[in-house]
Every structure is written in structure tokens, then in C-alpha cells.
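Here are the chains, one letter per residue:
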Amino acid sequence: MSNEVETTNSPVGDPIKDPGLGEHQYRPQDVDANQERRTERQIATMFGVATLLLIGFCVAYFSIGSDVRVFAFGDPADGDAFGGWSAQNFFLGLTLGTALLLIGIGIIQWAKKLMGDHEIVELRHPAKSSDDDRSAVLEDISAGVNESGIARRPLIRNSLLGAVAALGLPAIVMLRDLGPLPYGHTNTVWKKGMRVVNDVSGTPIKPGDLSVGELVNAEPAIFFEEDEEGHPVIHGTALMQAKAKAAVIVVRMRPEDITAAKGRENWGVDGILCFSKICTHVGCPISLWEQQTHHLLCPCHQSTFDLANNGTVIFGPAYRPLPQLPLAVDSEGFLIAVSDFPDIVTPSYPELARDQKKLNEKFGGDA
Amino acid sequence: MSKSTFTKIEESPTGKALSGPVGWLDDRLGLAGAGKKNLRKVFPEHWSFMLGEIALWSFVVILLTGVFLTLWFVPSMAEVEYKGSYLPLRGIEMSQAYSSTLKISFDIRGGLLIRQIHHWAAALFVAAMMAHMLRVFFTGAYRKPREINWLIGVGLLSIGMVAGFTGYSLPDDLLSGTGLRFVDGMVRSVPLVGSYVEFFIFGGEFPGDIIIPRLYIAHVLLIPAILLGLIGAHMLLLVYHKHTQWPGAGRTNDNVVGYPMLPVYMAKAGGFFFIVFGFIAVMGALIQINPVWAYGPYNPSEVTAGSQPDWYMGFSEGLVRLMPPLETTWFGRTWTWSVFIPGVGGLGLVFTSLALWPFIERWITGDDREHHLLERPRNAATRTALGVAAMTAYGVGWLAGGNDIIALKFHLDIFAITWILRVGFFLFPVIAFIITKRICVSLQRKDNETLTHGWETGVIDRAPSGGYSERHAALPVADQYELTSSRERLPDTDEEIHTHDAYGVRNPKFRKHRLRQKLRAWYYSGSVDKPTVEQMEHAADHLSDVDHPVELGEDFQGVSETGVPRVH
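Definitions and limits used
Residues numbered from 1 in each chain as written. Chains lettered and ligands numbered in written order. Predicted model: local features only at pLDDT ≥ 70, side-chain atom pairs only at ≥ 80, totals over all residues. Heavy atoms only, no water. Helix = DSSP H or I, 4+ residues; strand = E, 2+ residues; numbered from the N terminus. Rg over C-alpha atoms; globule rule 2.2 N^0.38 Å. Buried < 20%, exposed > 50% of the residue type's maximum accessible area, 1.4 Å probe, protein only. Contact = heavy atoms within 4.5 Å. Areas by Shrake-Rupley, 256 points an atom, 1.4 Å probe, with all protein chains shown as cover. Lys, Arg positive; Asp, Glu negative; His and termini not counted. Charge placed at Lys NZ, Arg CZ, Asp CG, Glu CD. Pairing = 2+ DSSP bridges. Axes fitted to C-alpha atoms, helices over the stretch in contact; angles between N-to-C directions. Domains from an automatic or database assignment. pLDDT = per-residue confidence, 0-100. Polar contact = N/O pair within 3.5 Å; in protein donor to acceptor, adjacent residues only side chain to side chain. Core = buried A, V, L, I, M, F, W, Y, C linked by side-chain atoms within 4.5 Å. Expected span 1.5 Å × (residues − 1). Bend = angle between axes of the 7 residues up to and from the residue. Patch = residues over 30% accessible without salt bridge, like charges linked within 9 Å, V, L, I, M, F, W, Y side chains within 5 Å. Salt bridge = Lys/Arg side-chain N within 4 Å of Asp/Glu carboxyl O. Buried area = accessible area lost by both parts, 1.4 Å probe. Disulfide = S-S within 2.5 Å. 1 Å grid on protein atoms, 1.4 Å probe; cavity = no way out; pocket = protein on both sides within 12 Å on 5 of 7 lines; lining within 4 Å. Points joined across faces, edges and corners; volume = space filled by probe spheres on them. Nonpolar A, V, L, I, M, F, W, Y, C, P; charged D, E, K, R; others polar. Parallel < 35°, antiparallel > 145°, perpendicular 65-115°, else oblique. Left-handed = near helix turned anticlockwise from the far one by under 90°.

## Overview of the overall build of chain A
- Counting secondary structure elements, chain A contains 8 helices and 14 strands.
- The C-alpha radius of gyration of chain A comes to 37 Å, more than 25% above the 21 Å expected for a compact globule of 367 residues.
- Seen through its C-alpha atoms, chain A measures out along the principal axes to roughly 100 × 85 × 65 Å.
- Relative to its 367 residues, chain A shows a buried fraction of 41%.
- Of the contacts formed within chain A by residues at least 6 apart in sequence, a portion of 57% connects residues at least 24 apart.
- When the accessible surface of chain A is summed, it comes to about 20000 Å², and 57% of that surface belongs to carbon and sulfur atoms.
- When the 31 basic and 46 acidic side-chain charges of chain A are each reduced to a single mean position, those positions are 5 Å apart.

Following this line, the structure appears as C-alpha cells:
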């Protein structure tokens, strides 16, 4: 194949001479007055209908209530109807859209069928200016450069460059207050003795409430606690930030299925384990639970963790295992945390290794 | 404009009516000089030139509807209790951003329509930009002198995608919050400074209370201003360079043939704005997009299965899903490659290679001429094959972005799909390259065949000896010209490259030259040249030489399968 290229001449230039533009083709409208009038009427009709539709838009705006719905076919009472659009949205959109389409099609029809259709030939010029212009510009620039003396006076030039560069400093420094300095993510609101509660109702959970294979979305009890005046202890932005780290899932498996790592043997209660709900990949809340395999799948990027095996990653882009929260039971028989997470919750960040080291020291280096 | 030889334009009825306002304006602005050049400027016609127009007009629709939405949208993360008319959410704590989006959707008449038009127009804006860019790529329209306009286009595409992302992050519903959570994870993965960037962007720990006001001002002021400026520059350069055109009879590299801007092109382009707007409005009426009320307010401990970004983020999302886990600890710092490489590197690679391509190609081919005639994709086989390979890689990434949906809808194993796509991301583009290149070369050969042996008329001749043969006829000259003009490559320089010169001094440019020579050989490998003048003359002789009892005639269009002559 490549040999052929080597041997063939590369013809530059055209083997066929340009025959020039073909003969002009006349349209029916150019030669037949009836056809011309018909086209004119068609176009005017489009514009007329568009006007009516736009009036219809105003009528729909004032007359259709926001709770009326339209169905294309089928009976909404049976639940098999197709459509179910908001009638307001449906009629406003259709009248406006159709009117716009008719105006557009009408104008283009006018241009195509009735406006002059003789092709015009325009000559191109090279993008560049003439050589004279170019020399003149070069002369001007060099005259300007010479007169300014920018080449001869390096002291002024360089000190100016330095000053202008320094102008960047305020611009960068002033961005400092965009936010606080990062403080790492070594702790969440979990602490020793805090109850694990249902994330919707806020009710504490007893081991007996969970059957084998069940998963419960849970949160620390502090999210539902109120101070003396009846205000929530954590609320607003602080609550959102705390939730983004402290949300957990509680699962119950058969104790014999669980392979606890060294040091984690007593982190569960009768096969009930508690893991962070925040994916270690980019922080999506995970809760797609496969009871049979004990796998937990993240709906965002499909990182899959084996909860029977200490939350290790078995598939997907996540690198770190899902952090586990050591559980116990308090005097009233409710599930509580033994401590905060011994591993960093939330997606990885540059200081993670340093922060994890701190945690390891705090928890005796077994995590 | 052709001037009447008998009446001066100022004395004609139209001239009289116009001379007043035109004169008044010209006295003050002196615009007649510019108007003279541009009012009847010629624009060539082809359907593919419309793709960029779709992008332009959807941007105008976005601006119009966006202004309407700002009249009610409250870019605040302050918590309020929802009291609007959507019953399922009444009484629930949510941000003002979300509550005002619900207000626009349910309590402002036409608000939902405008919101849906705005969102659909954004999706179409990016899609039309990509289609336009593919058109420009596959026809070589980015070649000299249009490289800078190509770069502006790359800028428009990248910033257009940011515009879309900042837009759909504003309502603060569960889906948009999940998108921001992903951005948070991605920002954190930036080596060394990730945590700082994260805390500065979000004003503290995710989600903070300031990200939506910040995104809002970027979305409604900063980004549109940049887009407008770039679009203005894009159009100015288009006018200055004059539009490219397809080769054909009378259409050469030195002219531009088409209709004048006033009135034909202005009417067609102006009318097309209404069509684009109307089309999107009908979409907004009939097809639901981003029903934020169904997702609920953002809550960092909740997510819906099947969360998907807008379509143009699918590629990035897919790469993040395909990436195997990879994280290292160097110098006491954590380097999160599994997020950083696909999240930041994926689109970074796309835009860098797009921006560099015209310059790489020019370096390989050594072609420094101005090109105003478009090249058929088949005639630039390697470029076309590379483009299709890139599209394939993009498609794999995009499919991966929906791997969970695919698994669910087709009852497939998600791990298997992911593995196939992981391998496919590298393998499929290679296959696509080879196949496309072969197809292009075959089409080049077919063109040569038709040029030198004529086209098959379907007329069967029976020879006196009893043999049958199909009569071939020469292509009309206009078609011959169309197939052969603008199909060429520069001859090889034939310059010999030595590692050392005659004095034994090492040639410092040797490696560079040799690399270029190899790339050039690869770039043109397989391609066949168009017939030479001699070959075409020979073909003309041959095709007219055969003695036929019946002449086919000028208007002959061939014979259908049932033997009936086709007529024009």
C-alpha cells in the first residue's frame, strides 16, 4: 500500500479545468405568476396562524389553572394514561412553539421561493495584509520601541515588570478570605456512647429491631437533640456539614458470615455492624445493599464494598475501605457508638495520610 | 448591488426613501464604508453550515429565558420552610434556592415552560457546538487561516459546558447537590493543594452556605460575558475570513459563491432563529427535563439510584466510573489518582488535543497554504480515522457514564459492562481507526474508478459476437471537477536527512526531522492520489472511443433496475 504512494506522482493542481458555474435554474415561482401568488398566500397564512396562536397563548395564560393536566391517550383513573402534562405548560408551550416555528418557516420559505436566488461570486483575499502594510507596521512598532527606549533602559523596564508582577500579589492575597484554611477531617460528631438512631424518625435502634439481612439508614442521635429552649443542637449549614460525614448504615448479618479483621472482633453486636454511609471515592451516600453477598454498592460510580469483610473494596474506583464505627449496647439496650470513626470518613484529600496517622496514634495504631 | 445605468440610486423610489436615514446615520457614524463591504456579503450554502447556527440561536434562547428566570430565582442557601403550592414538599425545610425553583415551576405561570426551555436549550447548545465542531474537523475547515477561530471554538465548547454545569447545580435539589458533592471530591483530589481549593471554593467544609451564590454569579454574569465575547470574536473572524465552501464547478479556493447576506441570508438565518426557538419551546412543552420537585431538597446523606449528570458531563462521569482504584502516599501526602486522572485529566486531554490538532497536522503535512475549500472526509483518511477513533473513545466514556442504567435496562452484569468498557476505551478506538481508514481509502479508489472508467449506466450492449457488456459513461465535467479539485497533498520534500553533516558535525534537528518524516508517511499511508491530467485525458478518449449504435444524449440519467430510463 505504502509502495503505491511512493511510486505515484502527487499531482498538485487540477486535472480537470473549472467549467464555471452551471446554468441558472429557474424556480416555478419565477416563471409562473399563479405559482408565485400561491406561495405568497401560503407564507401569509403561516404568519396569520402564528398571530392567532400567540393570542391563544395569552388566553391559555389567563384561563388555565395550574392544577389541570392533559393526557394524550388512556384513562388517568386506570393509571395507564400517557402524558399527564401540566395543561398550562402544555398549551403555553405548544402555542408559543408552534407560532415561532410558523414564523421561522414562513420567513425561510419567503427567502427560498420568492427572494432573488441568483448566486453571487465574491473574490477572496488572503487573510494577510499587503507586504507594504506589514513593513509599515513593523516600522511603526520599531519606531515606538526605539522612542520608548525600552530596550536601552533595562533598569526602568525590569523594575516596571517587577511592579506589575507584584500587582498580582494583592489579587491573589485578597482571595484568602474565600474560606477558612482546611482543618482536615479527623473527627465527626460521633463519640463514645452516642446512640445510633433511625435517620428519618430519630428513634434509637435495639439489636432486636433488625432481622438478618436488613439495612437501616442511621444517624447520630445528636442530629435530633434539642437544647433547653427547644432549638436543635445542630442545625442549618453545620447540620449539613456534619451529615456529610456522620451518616451511617447499620446492617445485620449472620455472625458466622463475618470475617472481622484483627482488633475489630468486638466492633459488632450479634452480627450487627455499622459503616460510614459516605463513599470513600467522592462522597456519595451509599446504600444499595445486596443481602445475599453482603455487598454495598455506591449508586454514583459503582464502588462496591464487602461489609462482611471489614468494608473492603471489591470493585469500582474507590481505593479505601468503608470506615467502620465500633458498636456496643447501652444500659437500656440501644445501639451506641464505642468511639468516633477510627478511619477517615469522606473522600480522599492531600493531608489524608497525615490525618490518618494521627487517628492511628489516638486509637492505638490498630486501625 | 447592480446599479441602474439610467437612474441614479438616489433618484429611484427606494433610494429616495432610504437616503434620509442612511444619510443621517452615515453623517454621524460613517458606516457606509463598512456597509458597502458587508451588506451584500456572500455566504455559501450547505446543510452542515447550519450546525453552528443552531448553537448560536440556542445561546440566544438561553439568554432570553435566563433573564426571565433571574426575576424569581433566589440564589441563597438559607433554610426556609416550603409554603408553596406543591403539596408533597409543603412544610419541609429547604434552601431558598430550591424553594424559589419550586416557585418558578409551580406558582409562576409559564415559569415551568421557561425553565424547561432554558434547560433544553442548554443541552442543545452544547450538542450543536459539538456537532459543529465535528463538521469543522472532518472537513478540514480549521486549516490555515482559521486556526485561531478553531481555538476560540474550543474555548466556547469548554466554557459552554461549565455554563451548563453551574446552571444545573443552582436549584439545590438532591441531584444537583450530588453533582456538587462529586465536584467537591474532585477538587480535593488535586495534588497538594486540594484541601485549600476545596475550602476556598465552598467557603469551608462541604456543602457550606456560599457555593450557590458563587455559582450563581458565575452562571449569570461571568460565564455569559465570556461566552458573548468569544462568540463575537468567532463571528467577526468568520466574516473576515469569509465562509469556507465545498468545491464544485465555479467554486474555487479564490472565490466564494452563494447568496448575499441582505436579503437572502439574513432572512434564512433570521428565520432559522425562530425555528430553533420554536423547536425548543415545543420540547419544553412536551418533554420533561430535570423535575427537581421529584428529587427533594439536597441532603448529603441521601442519593437516588441512577443519578446522572447532564449529557455532556457523561464522558467525564464515565471515565471516573471506569478508573480502577489508585491512590499513593508520597512525601506524607495522599495522591488520589483514581479521581484526579479521570476527573480532571479526562476533559483536560480532550480539550488539549482539540486545541493542538491543527498545529500538529500542519507540522506533519508541512502545508502552509490557505484553505478555503472544504475537504471531503474520505480524502483526508488519517484525519477522519483519528476523528472517528476519538469519537469512539468519547462514546465509550459516555456509555460508561450510564453503565448502571445499561445494566438495569438490559439485565446485564454491571461489573462485566465496566470491564468491557475499561478494555474498550483503549481497544475500540484502534479498531475504529483501522476500519475508518480502510473505508476512506476504498472511497478514494471508488472516486478514481468513476473518474477514469466512467459511471455504470445500466445500459447493456450486446455485441455482434453475442457478448454482453455494460455501457459506462463519462461523468459530467462539473462532477469531474468537483471530485478532483481540492484533493491533493503536497509533494514529499525528498530532502535527505543525515545524522551528521559533511564535516562530521551532529545534526541537531535530525531526530525531529526523522520523526516528522515518519509521521508524514503514516499520515498519507494508503491514500491514493487523484488521477493525473494524462489519466483523465486517456479516460475521456477511452469513454468516447467505443462505438455505440445509440447515443445516450445529454440528459441521460441512467437506467433503473427495471430497465426504465431515469429522467431528470
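## Side note on the sheet that holds strand β11 (residues 312-315) of chain A
Residue and element names in this part refer to chain A.
- The strand order β8-β9-β10-β11 describes an open sheet built from 4 strands, whose pairing is antiparallel. The two strands at the open ends of the sheet, each matched to only one other strand, are β8 (288-290) and β11. Neighbour to neighbour, the strand axes of the sheet diverge by 30° on average, direction disregarded.
- Strand direction decides the pairing type here: strand β10 (residues 304-306) and β11, joined by 3 bridges, are antiparallel.

## Details of the domain arrangement of chain A
- According to the domain assignment, chain A consists of domain 1 (28-118 + 143-176) and domain 2 (196-363).
- Once you take the C-alpha centre of each, domain 1 of chain A and domain 2 of chain A turn out to be 49 Å apart.

## Looking at the confidence of the model for chain B
- Looking at chain B, the pLDDT average stands at 91 and 95% of residues meet or exceed 70.
- As scored by the predictor, the complex reaches a pTM of 0.93 and an ipTM of 0.92.

## Points about the side chain of A:T188
All names here are of chain A.
- Structurally, T188 is set in the loop between α6 (154-173) and β4 (196-198).
- Within the local environment of T188, its side chain forms a polar contact with the side chain of D340, the two groups lying 2.7 Å apart.
- Those residues in contact with T188 that lie beyond four places of it in its chain are K245, A246, D340, F341 and V345.

## Quick look at the nonpolar core
- Residues B:L157 and B:M161 are the most contacted members of the largest nonpolar core, which totals 93 residues.
- Looking at which element gives the most residues to this core, the answer is helix α5 (residues 111-138) of chain B, with 16 residues.
- For B:L157, the residues in contact, after removing those within four places along its chain, are B:V126, B:M129, B:M130, B:M133 and B:F351.
- Ranked by size, the runner-up nonpolar core spans 28 residues in total, among them A:W190, A:V197, A:L335 and A:A337.

## Brief notes about helix α10 (residues 261-286) of chain B
- Between its first and last C-alpha atoms α10(B) spans 35 Å; for 26 residues at 1.5 Å apiece the expected length is 38 Å, and the two agree.
- A maximum bend of about 25° is found in α10(B) at B:A267.

## A look at the sheet that holds strand β3 (residues 120-123) of chain A
- Spatially, the 3 strands line up as an open sheet ordered β3(A)-β4(B)-β1(B), and their pairing is antiparallel. Of all strands in the sheet, those with a lone pairing partner are β3 of chain A together with β1 (42-43) of chain B, marking the two edges.
- Two strands pair when backbone bridges link them, and β1(B) and strand β4 (residues 255-260) of chain B are joined in this way by 2 bridges, in the antiparallel orientation. By the bridge assignment for β4(B), B:V42 is matched with B:P260.
- Along the sheet face, α10(B) touches β1 and β4 of chain B and points at about 75° away from the line of β4(B).

## A closer look at a positive patch on the surface
All names here are of chain B.
- On the surface, R506, R511, R514 and K518 cluster together to form a positively charged patch.
- Mapped onto the fold, R514 is located in helix α18 (residues 510-524).
- A residue is classified by how much of its surface remains accessible, and R514, at 36% relative accessible area, is partly exposed.

## Thoughts on the interface of chain B and chain A
- Of the residues lining the interface, 125 residues belong to chain B; the matching set on chain A comes to 99 residues.
- In total, about 9400 Å² of surface goes out of reach between chain B and chain A, with carbon and sulfur atoms giving 63% of it.
- Linking chain B with chain A are 3 salt bridges, by the criterion used here.
- Put simply, B:R251 and A:E119 hold a salt bridge, and the shortest N to O gap is 3.0 Å.
- In this assembly, chain B and chain A are joined by 34 residue pairs in polar contact (both at pLDDT 80 or more).
- For the side of chain B that touches chain A, the element with the most residues is α10(B), which contributes 16 residues.

## Some thoughts on the state of the cysteines
Residues and elements named next belong to chain A.
- By the definition in use, this model includes 1 disulfide over all chains.
- The disulfide that involves C284 links it to C300, with 2.1 Å between the sulfurs. Every disulfide takes its handedness from the sign of the S-S torsion; for C284 and C300 that torsion is -90°, giving left-handed. Of the two residues, C284 is situated in the loop between β7 (272-276) and β8 and C300 in the loop between β9 (295-297) and β10; the sequence distance between them amounts to 16 residues. C300 carries the same exposure label as C284, and that label is buried.

## Describing the layout of surface pockets
Residues and elements named next belong to chain B.
- Looking at the largest pocket, its volume works out to about 1600 Å³.
- As for the largest pocket, its lining consists of 44 residues, and the residues nearest its centre are A32, G35, K36, L39 and R40.
- Looking at the lining of the largest pocket, the element that brings in the most residues is helix α1 (residues 13-29), giving 8 residues.
- Tallied by class, residues from the lining of the largest pocket come to 19 nonpolar, 13 polar and 12 charged.

## Section: the packing of helix α12 (residues 314-322) of chain B against helix α13 (residues 337-365) of chain B
All names here are of chain B.
- At their nearest, the axes of α12 and α13 sit 8 Å apart, and the two run at 135° to each other. What the angle tells us is that α12 and α13 run oblique. Handedness of the crossing formed by α12 with α13: right-handed. For the pair formed by α12 and α13, the contact residues are F315, S316, L319 and V320 on the first element and P342, G343, G346, L347 and V350 on the second.

## Focus: the pattern of salt bridges
Residue and element names in this part refer to chain B.
- A full pass over the atoms with the stated rule returns 29 salt bridges over all chains.
- D184 is paired through a salt bridge with R188; the nearest N and O atoms lie 3.7 Å apart. With a gap of 4 residues between them, D184 and R188 both fall in helix α7 (residues 174-188), about one helical turn apart.
- Judged by relative accessible area, which is 0%, D184 ranks as buried.
- Measuring nitrogen to oxygen at the nearest pair gives 3.0 Å for the salt bridge that ties R378 to D447. Of this pair, R378 sits in the loop between α13 and α14 (381-400) while D447 sits in helix α16 (residues 414-453), placing them 69 residues apart in sequence.

## Some points on the environment of B:L238
All names here are of chain B.
- Topologically, L238 is positioned in helix α9 (residues 211-241).
- Sequence spacing of L238 and N149 is 89 residues, and the spatial spacing of their C-alpha atoms is 7.8 Å.
- Discounting residues that sit within four places of it in the chain, L238 has contacts with F43, N149 and H243.

## Quick look at the side chain of B:R146
- Among the structural elements, B:R146 can be located in the loop between α5 and α6 (147-168).
- One buried charged side chain, B:R146, makes no salt bridge at all; its nearest oppositely charged neighbour is B:E370, positioned 6.8 Å away.
- Here B:H372 takes part through its side chain, which lies 3.0 Å from a polar atom of the side chain of B:R146.
- In this structure, B:R146 is in contact with A:R124, B:A141, B:H241, B:K242, B:H243, B:T244, B:H371 and B:H372, ignoring residues within four places of it in sequence.

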